[in-house]
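Chain residues, written in single-letter form:
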Amino acid sequence: MPRRRIGFWYRFAAVLCKPPLVVLIKRDWRGIENIPSEGGFITAVNHNSHVDPFMYGHYQYNTGRVPRFLAKSSLFRKGFVGAAMRGTGQIPVYRETTDALSAFRAAIDAVERGECVAFYPEGTITRDPGQWPMTGKTGAARVALQTKCPVIPVAQWGANELLPPYAKKLNVLPRKTHHVLAGAPVDLSRFYDKEMSPDVLKEATEVIMAAITAQLELIRGEKAPATPYDPRQERIEQRRRTAADEKAARQVAAQEMDAQENAQAQRTAQALQKAQQEEGQGT
C-alpha cells in the first residue's frame, strides 16, 4: 500500500519546530533502515521527557514516514489545536467507550490505510528511578494483533537530559545529544492465532516492552533492571506502606494515651495517699 503524503499541516509544523530543535540538541539517529518504506506499521517508543515527542517526531519525519500520535479525542474538537491535530492526521482515542478495541478503532483504520502509528506504551513519562521503560499498557498490542502489522521498537535518550522527567526548566548547556535507535520488527506471530485475552495482550505487551528496553540498553551501554518498574504495583505498595504507617501511628498514639492515663492515675493515687497521710498526722 502506498504511503500517505506528508501534507500541508505536517510541513507547517516542521517549519515551526525543526529550527529550534536543531539549535537545542545534537542528533545521533540510527536504525532508519528498520522503518518500513511502505505499508502500515506501529512504532512503540519509550517516554522519558515532556519534549521527547517533538524530538522523536523530528526523527520520524526525516524518515519520510510521519508518525500519527494517539491523543485523547477532546483535543480534536475545538480551535487551532483541534485543527492542527486533525490536519496533521493525529489519531483520537475514545476513552469514553466501554469497548477496549473500539477505543483504538481510529488507530486500526490508520494502520490499514498504510500509516505509521506511534504508541507510547507506557502511557506516561517513565517513573522508573533509572529512567528505564516501565511496564506497558496493552493498546499497541491490541492494534498489532488485530492488524498483524509490523511493530518497530524505538528507544530514545537525551531529551530527558534537556528536560528531565517532570521538570519545568530546560537544561540547555552543555548541548545535549538526542539518541534514537529503531530496532527490527518485534516477532508477535505466535500470538496471531490466539484469542485476544488479557493474558495474551499482557504477554505480547511484555515482548514489545522488552524489545524497546533492549534498544535502550544498546544506546546507554548498560543493562536495565531484570524486572521493569510497575507503577500499578508501586501504587499498591505505597498504599500498603501508608496503611502500615497509619496503623503504626495509631499504635504509638494509643501507647502514648495509655502512658498518659497511667501517669495521671499514678499522680492521682500519690495525691490521695499524701492527703491520707496528712489527715492522719493531723489526727
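Our structure's up above, just so we're on the same page.
Residues numbered from 1 in each chain as written. Predicted model: local features only at pLDDT ≥ 70, side-chain atom pairs only at ≥ 80, totals over all residues. Heavy atoms only, no water.

### Side note on the nonpolar core
Keep this limit in mind: Among the buried residues, those of types Ala, Val, Leu, Ile, Met, Phe, Trp, Tyr and Cys that are joined through side-chain atoms within 4.5 Å form a nonpolar core. Note on classification: 1.4 Å probe, protein chains only; a residue is buried when its accessible area is under 20% of the maximum for its type, exposed when over 50%, partly exposed between these limits. Each helix corresponds to a stretch of at least 4 residues labelled H or I by DSSP, and each strand to a stretch of at least 2 residues labelled E; elements are numbered beginning at the N terminus. By definition in these notes, contact holds between two residues if any of their heavy atoms fall within 4.5 Å.
The biggest cluster of nonpolar side chains holds 29 residues, and the ones touching the most others in it are I42, F119, V143, V151, L188 and I208. Within the residue set of this core, elements represented by two or more residues are β2 (41-45), β4 (91-93), α4 (105-112), β5 (116-119), α5 (139-147) and α7 (198-220). Residue contributions to this core peak at seven residues, all from α7. Not counting the four nearest positions on each side in its chain, V151 is found in contact with I42, A44, A144, A184, P185, V186, L188 and I208. Grouped together as the second largest cluster of nonpolar side chains are 19 residues, Y10, I35, V66 and F69 included.

### Considerations on helix α2 (residues 52-62)
Across the eleven residues that make up α2, a large majority, eight, are buried. Regarding α2, the residues found buried are D52, M55, Y56, G57, H58, Y59, Q60 and Y61. G64, located one to two residues past α2, shows a positive phi value of around 85°.

### Concerning the pattern of salt bridges
Pairing between side chains of opposite charge can happen when their charged atoms approach one another. Condition: Note on definitions: salt bridges are taken to be side-chain nitrogens of Lys or Arg within 4 Å of carboxyl oxygens of Asp or Glu.
Taken as a whole and assessed by the stated rule, the structure comprises seven salt bridges. A salt bridge links K202 to E206; the shortest N-O distance between them is 2.6 Å. A residue pair is termed a helical-turn pair when its members lie 3 or 4 positions apart in one helix, as K202 and E206 do in helix α7 at four residues. Salt-bridge contacts for R220 lead to E222; the nearest nitrogen and oxygen are separated by 3.4 Å.

### Observations concerning the pairing of strand β6 (residues 151-157)
As a reminder, the rule being used: Pairing between strands requires that DSSP locate at least two bridges from one strand to the other.
For β6, the buried fraction is high: seven of the seven residues fall into the buried class. The alternating pattern of β6 places V151, P153, A155 and W157 on one face and I152, V154 and Q156 on the opposite face, and all of these are buried. Two strands pair when backbone bridges link them, and β2 and β6 are joined in this way by four bridges, in the parallel orientation. In the sheet register, I42 faces β6, and the bridge partner there is V151. Note that β6 and strand β7 (residues 176-182) share four bridges and pair antiparallel. Considered in β7, the bridge of Q156 is made with V180.

### Let's talk about the packing of aromatic side chains
Heads up, the rule is: The aromatic pairing rule takes the rings of Phe, Tyr and Trp, using the six-membered ring of Trp, and pairs them if the centres are within 6.5 Å, calling planes under 30 degrees apart stacked, those over 60 edge-to-face and the rest tilted. Two thresholds decide whether a charge sits over a ring: the Lys NZ or Arg CZ must be within 6 Å of the ring centre and within 35 degrees of the ring normal.
Taken as a whole and assessed by the stated rule, the structure comprises five aromatic pairs. Plain terms: the ring middles of F69 and Y120 are 6.2 Å apart, the flat faces sit at 10° to each other, and that makes the pair stacked. Here F69, found in strand β3 (residues 67-72), pairs with Y120, found in the loop between β5 and α5; they are 51 residues apart in sequence, far enough to count as distant. Three or more aromatic residues joined by ring pairs form one cluster here, namely W29, Y56, Y59, F69 and Y120. It is R27 that lies over the ring of W29; its NZ or CZ is 5.7 Å from the centre. Residue placement shows K148 over the ring face of Y192; its charged tip is 5.3 Å from the ring centre.

### Quick look at the packing of α4 against α5
We count it as follows: Axis definition: a line fitted to C-alpha atoms, limited for helices to the stretch in contact. Angles are taken between N-to-C directions and run from 0 to 180 degrees. Note on angle classes: values under 35 degrees are labelled roughly parallel, values over 145 roughly antiparallel, values of 65 to 115 roughly perpendicular, and the remainder oblique. By convention, the crossing between two helices is left-handed when the near helix turns anticlockwise from the far helix through less than a right angle, and right-handed when the turn is clockwise. Amino acids are sorted into nonpolar (Ala, Val, Leu, Ile, Met, Phe, Trp, Tyr, Cys and Pro), charged (Asp, Glu, Lys and Arg) and polar (every other residue, Gly among them).
α5 packs onto α4 with a crossing angle of 45° between their chain directions and a minimal axis gap of 10 Å. By the criterion of interaxial angle, the relationship of α4 to α5 is oblique. The way α4 lies across α5 gives a crossing that is right-handed. Seen from α4, the contacting residues are A107, I108, V111 and E112; seen from α5, they are V143, Q146 and T147. Each residue belonging to the contact of α4 with α5 can be placed in one class, and the counts come to four nonpolar, two polar and one charged.

### Looking at unusual backbone geometry
Only a minority of non-glycine residues have a phi that is not negative, and only a minority of peptide bonds are not trans. Cis geometry is adopted by the peptide bond preceding P174, which originates at L173 and carries an omega value of -10°. At K148, a residue that is not glycine, the phi angle is positive and equals roughly 55°. When you line up the elements, K148 lands in the loop between α5 and β6. For Y166, which is not glycine, the phi dihedral falls at a positive 65°.

### Description of α4
Under the convention used in this document: For this quantity, the arc is that covered by the directions from the helix axis to the C-beta atoms.
All buried positions along α4 are accounted for by A107, I108, A110 and V111. Seen from one end, α4 has its buried residues packed into an arc of 160°, which puts them on one side. Positive phi appears at G114, one or two residues downstream of α4, with a value of about 95°.

### A few points about the sheet that holds strand β1 (residues 25-30)
Taken in spatial order, the seven strands make up an open sheet running β1-β7-β6-β2-β5-β3-β4, and their pairing is mixed. With partners counted over all chains shown, the strands left at the sheet margins are β1 and β4, one partner each. On average, each strand axis in the sheet is tilted by 25° relative to the strand beside it, whichever way the strands run.

Honestly, that's just the spatial picture; any functional story needs more than this.
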